[in-house]
Amino acid sequence: MSVTTEQLADVATLARLKLAPEHSQSLTHAFNEILSLVDQLQALELESVKPMAHPRDENQRLRQDLVTESNAREAFQAIAPDAQEGLYVVPPVIE
Amino acid sequence: MSWEVVIGLEVHLQLATESKIFSGSSTRFGAEPNTQASAVDLAMPGMLPVLNEQAVRYAVLFGLGIGAEIGQRSVFDRKNYFYPDLPKGYQISQFEQPIVGRGSFAVTLADGSTKTIGITRAHLEEDAGKSLHDAIPNASGIDLNRAGTPLLEIVSEPDIRSAEEAVAYLKTLHTLVTYLGISDGDMSQGSMRCDINLSLRKPGSTEFGTRTEIKNVNSFRFVERAIASEIERQSDILEEGGVIIQETRLYDAERDETRSMRSKEVANDYRYFPDPDLLPVELSDAYIAEIASTLPELPDAKKARFQAEYGLGEYDASALCDSQALAQFFELTTSRAKDPKLAANWILTDLLGQLNASGVKLQDAPIQPEQLGHLIERIKDNTLSSKMAKQVFEALWQGEAQGNVDQIIEARGLKQVSDSGALEALINEVVANNPEQVAQYQAADDGKRKKLIGFFVGQIMKASKGQANPQLVNQLLNKTLG
């Protein structure tokens, strides 16, 4: 399994990472070295092994449906970069 | 050429829990922005989600309600994408092992036929926050009150073939989930939102055409219109030999058209993986059986029972079973009135008419089933004519006499006069005072007589201040006039 520099650019876009063009070659190479480890894993015979969703062999504990949180807007917005009229302010997003 | 329409729907249903799916924040609608967003909902570092038991219970109840396989082991995954109203940068959802597997339910179409629509799966996930684009100049405002509200995403098979079927499916689903009590189903508050997957293919073809997805349509009417306009758009392209691009589109209700969401042009890759913050959910047989024991009577079963037990027609039974509250109103009314057909008429015509006209919801109606039942009782024992009964109904609606039917009848002097002695006296008086009309009547043939008798009935009703029993008046008049 290996990726091209174009695929690397796509992955960077999905992850919102800015890639400097001069790093593209070396990063693709490094990426592919990691993927070669995945190839080793892919080669294992896993048909009979149940997929593991979590390293801890336990089940999720559930909580009762109770409102336990109260309004802490002031504290949260005090550390926000910008808040107005109770809203968190972000650069405009218009579809 | 005509195309076969293939539609699959994804419904996002807000579950009626008190608190959020992974935090103890309130889910109440309409609060001041960000006053119901805790550290977990805001994705503060180190916060861990803890699953709400009620959300699990509601999902299982839904699965049991549509006869689906219940995922006794289900897993939560991270669905990764960036948007300002999604603070974690991922949505907790379920991908490979959802809590509800395959199921189905039948929908009734306008022509009376039924069609079974398959459900591929239903899974639990958290809602995102809301982005407000016109609250703050040159910026977007983010309200995270909705972030973390529990959703059940219900995915249908591509079994739907028209806008009509899509709307019938959604209405049936809406009735079902409100019966189950797992959602308030209030579409105006976004409790039920719908994504439409739509493609066209040549009739008889077994392969699907390229589909588009129309996001976030939030009313039955808009679903119908969005589908119609997307069918037109796709068939225009195909007729001209073009190709459909697989993409996400938005329905613009004002222009009645769908348009492409540009930001989603880059093929989305959500890079799902199991969320390490949450362990797999295991449900025991006993737990599922316990939930099954709380299943209420579902709409179809209730409809069938109303027809069998009360002798109602298909239409009345169906209309009464439209909501559990209405069906219960009917049963309580009937238990007093002892006349299902009359009770059905009063509820479907007078009560619903009054509710619609005044914009009042059934649960806030000023008339209780017991009172309506009492009113119908007084029609049946001939105390009230149907005209008088409508006056009493009006008085009940206004809350007169603390809603006591007999007191209203007494206070308004509405008792129907069914005493033939008293009526005969009135009739004789009217006949004596109108010799001309009597002569006319006696000279007329049967056809004309039917019209002319109305004059006498009117005079007698007037003389009795509307209290004479009209049927009896007719009988007695016929005898007197010969």
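Above this text sits the structure in question.
In short, a report on the structure. (Residues numbered from 1 in each chain as written. Chains lettered and ligands numbered in written order. Predicted model: local features only at pLDDT ≥ 70, side-chain atom pairs only at ≥ 80, totals over all residues. Heavy atoms only, no water.)

### Remarks on the overall build of chain B
Part 1: Of regular secondary structure, chain B possesses 15 helices and 16 strands.
Part 2: Over its C-alpha atoms chain B spans a radius of gyration of 30 Å, topping by over 25% the 23 Å that the globule rule assigns to 482 residues.
Part 3: With respect to the three principal axes, the spread of C-alpha positions in chain B is 95 × 55 × 55 Å.
Part 4: In chain B, which comprises 482 residues, the proportion classed as buried is 50%.
Part 5: Across chain B, contacts joining residues at least 24 apart in sequence account for 69% of those joining residues at least 6 apart.
Part 6: As displayed, chain B has an accessible area near 22,300 Å², and 49% of this comes from carbon and sulfur atoms.
Part 7: Taken as two groups, the 48 positive and 67 negative side-chain charges of chain B have centres that lie 4 Å from each other. (Helix = DSSP H or I, 4+ residues; strand = E, 2+ residues; numbered from the N terminus. Rg over C-alpha atoms; globule rule 2.2 N^0.38 Å. Buried < 20%, exposed > 50% of the residue type's maximum accessible area, 1.4 Å probe, protein only. Contact = heavy atoms within 4.5 Å. Areas by Shrake-Rupley, 256 points an atom, 1.4 Å probe, with all protein chains shown as cover. Lys, Arg positive; Asp, Glu negative; His and termini not counted. Charge placed at Lys NZ, Arg CZ, Asp CG, Glu CD.)

### Quick notes on the sheet that holds strand β15 (residues 273–274) of chain B
The pairing of strands in a sheet happens through backbone hydrogen bonds and is either parallel or antiparallel.
Part 1: Read from one edge of the open sheet, three strands run β5-β4-β15 (chain B), paired in antiparallel fashion. Edge positions in the sheet fall to β5 (90–93) and β15 of chain B, since each of these pairs with one other strand and no more. (Pairing = 2+ DSSP bridges.)

### Topic: the pattern of salt bridges
All names here are of chain B.
Part 1: Using the criterion set out here, one finds 37 salt bridges over all chains in the structure.
Part 2: Here arginine 259 and aspartate 252 are joined by a salt bridge, their closest N and O atoms 3.7 Å apart.
Part 3: For glutamate 309, the salt bridge identified is with arginine 305, shortest N-O distance 3.1 Å. Of this pair, glutamate 309 and arginine 305 both sit in helix α5 (residues 299–310), four residues apart, which is roughly one turn of the helix.
Part 4: Classification of glutamate 309 by relative accessible area gives partly exposed; the value is 48%. (Salt bridge = Lys/Arg side-chain N within 4 Å of Asp/Glu carboxyl O.)

### Some details on the packing of aromatic side chains
What describes a pair of aromatic rings is the distance from one ring centre to the other and the angle between the planes of the rings.
All names here are of chain B.
Part 1: This model, assessed by the stated rule, comprises 12 aromatic pairs over all chains.
Part 2: Measuring from centroid to centroid gives 5.1 Å for tyrosine 310 and phenylalanine 330, while their planes differ by 90°, and the two rings are edge-to-face. Here tyrosine 310 is found in helix α5, whereas its partner phenylalanine 330 is found in helix α7 (residues 324–337), with 20 residues between them in sequence.
Part 3: Overall, tyrosine 310 belongs to the buried group, its relative accessible area being 17%.
Part 4: With a centroid separation of 5.7 Å and an interplanar angle of 45°, the aromatic rings of tryptophan 346 and phenylalanine 393 are classed as tilted. Of this pair, tryptophan 346 sits in helix α8 (residues 340–358) while phenylalanine 393 sits in helix α10 (residues 386–397); the two residues are 47 residues apart in sequence, bridging distant segments of the chain. Each member of the pair, tryptophan 346 together with phenylalanine 393, is buried.
Part 5: An aromatic cluster is built from Tyr81, Phe95, Tyr270 and Tyr272, whose rings are joined through pairwise contacts.
Part 6: In this arrangement the basic side chain of lysine 79 is found over the ring face of tyrosine 270, its NZ or CZ atom lying 4.3 Å from the centre. (Phe/Tyr/Trp six-rings, centres within 6.5 Å; stacked < 30°, edge-to-face > 60°. Lys NZ or Arg CZ within 6 Å of the ring centre and 35° of its normal.)

### Some details on the nonpolar core
All names here are of chain B.
Part 1: Core analysis: the largest hydrophobic core is formed by 64 residues, its most contacted members being Phe62, Leu124, Ile154, Tyr169 and Ile196.
Part 2: At 10 residues, helix α2 (residues 163–180) tops the list of elements feeding residues into this core.
Part 3: Once you skip the residues sitting within four places of it in the chain, phenylalanine 62 turns out to touch Ala122, Leu152, Ile154, Leu173, Leu176, Val177, Leu180 and Ile182.
Part 4: Tyr179, Tyr310, Leu362 and Phe393 belong to the second-largest nonpolar core, a separate cluster that totals 38 residues. (Core = buried A, V, L, I, M, F, W, Y, C linked by side-chain atoms within 4.5 Å.)

### Observations concerning the interface of chain A and chain B
Part 1: Facing 36 residues of chain A, the contacting portion of chain B comprises 57 residues.
Part 2: Seen at the junction of chain A and chain B, the total is zero salt bridges.
Part 3: Summed over the shared surface of chain A and chain B, the result is 22 residue pairs in polar contact (both at pLDDT 80 or more).
Part 4: Elements with a minimum of two residues in the side of chain A that touches chain B: β1 (62–63), α3 (73–78) and β3 (87–90) of chain A.
Part 5: Ranked by the residues each element gives to the side of chain A that touches chain B, the list is headed by β3 of chain A, at four residues.
Part 6: By residue class, the composition of the side of chain A that touches chain B is 17 nonpolar, nine polar and 10 charged. (Polar contact = N/O pair within 3.5 Å; in protein donor to acceptor, adjacent residues only side chain to side chain. Nonpolar A, V, L, I, M, F, W, Y, C, P; charged D, E, K, R; others polar.)

### A short note on the pairing of strand β12 (residues 212–217) of chain B
Residue and element names in this part refer to chain B.
Part 1: As judged from the four bridges shared by strand β11 (residues 192–201) and β12, these two strands associate in the antiparallel manner. Bridge pairing links asparagine 197 to glutamate 213 in β12.
Part 2: Direction of pairing for β12 relative to strand β13 (residues 248–252): parallel, over a ladder of three bridges. Its bridge partner being in β13, lysine 215 is matched across the sheet by leucine 250.

### Focus on the pairing of β5 of chain B
Residues and elements named next belong to chain B.
Part 1: Burial of the side chains of β5 extends over both faces: Tyr90 and Ile92 are buried on one face and Gln91 and Ser93 on the other.
Part 2: Where strand β4 (residues 77–80) and β5 come together, four bridges link them in antiparallel fashion. By the bridge assignment for β5, arginine 78 is matched with isoleucine 92.

### Focus on the sheet that holds strand β1 (residues 4–14) of chain B
Residues and elements named next belong to chain B.
Part 1: Here we have eight strands laid out as an open sheet, ordered β6-β7-β10-β1-β11-β12-β13-β14, and mixed in their pairing. Of all strands in the sheet, those bounded by a partner on one side alone are β6 (103–108) and β14 (257–260). The average undirected angle you get between the axes of adjacent strands in this sheet is 30°. (Axes fitted to C-alpha atoms, helices over the stretch in contact; angles between N-to-C directions.)

### Structural notes on a nonpolar patch on the surface
Part 1: Residues Leu41, Leu44, Leu46 and Val49 of chain A make up a contiguous nonpolar surface patch of roughly 400 Å² in combined accessible area.
Part 2: Tracing the backbone shows leucine 46 of chain A in the loop between α2 (21–42) and β1. (Patch = residues over 30% accessible without salt bridge, like charges linked within 9 Å, V, L, I, M, F, W, Y side chains within 5 Å.)

### Quick look at the environment of lysine 338 of chain B
Residues and elements named next belong to chain B.
Part 1: Summarising the element assignment, lysine 338 is placed in the loop between α7 and α8.
Part 2: Judged by relative accessible area, which is 62%, lysine 338 ranks as exposed.
Part 3: Considering only alpha carbons, one finds lysine 338 and glutamate 377, 39 residues apart in sequence, at a separation of 7.8 Å.
Part 4: Separated by 2.4 Å, the side chain of lysine 338 and the backbone oxygen of serine 335 make a polar contact.

### Re the environment of threonine 120 of chain B
All names here are of chain B.
Part 1: Mapped onto the fold, threonine 120 is located in strand β7 (residues 114–126).
Part 2: Residue classification places threonine 120 among the partly exposed residues on the basis of a relative accessible area of 24%.
Part 3: Other than its neighbours up to four places away in sequence, threonine 120 contacts Gly101, Arg102, Val155, Ser156 and Glu157.
Part 4: Within the structure, the side chain of threonine 120 is placed 3.3 Å from the backbone oxygen of serine 156, a separation counted as a polar contact.
Part 5: Separated by 2.6 Å, the side chains of threonine 120 and glutamate 157 make a polar contact.

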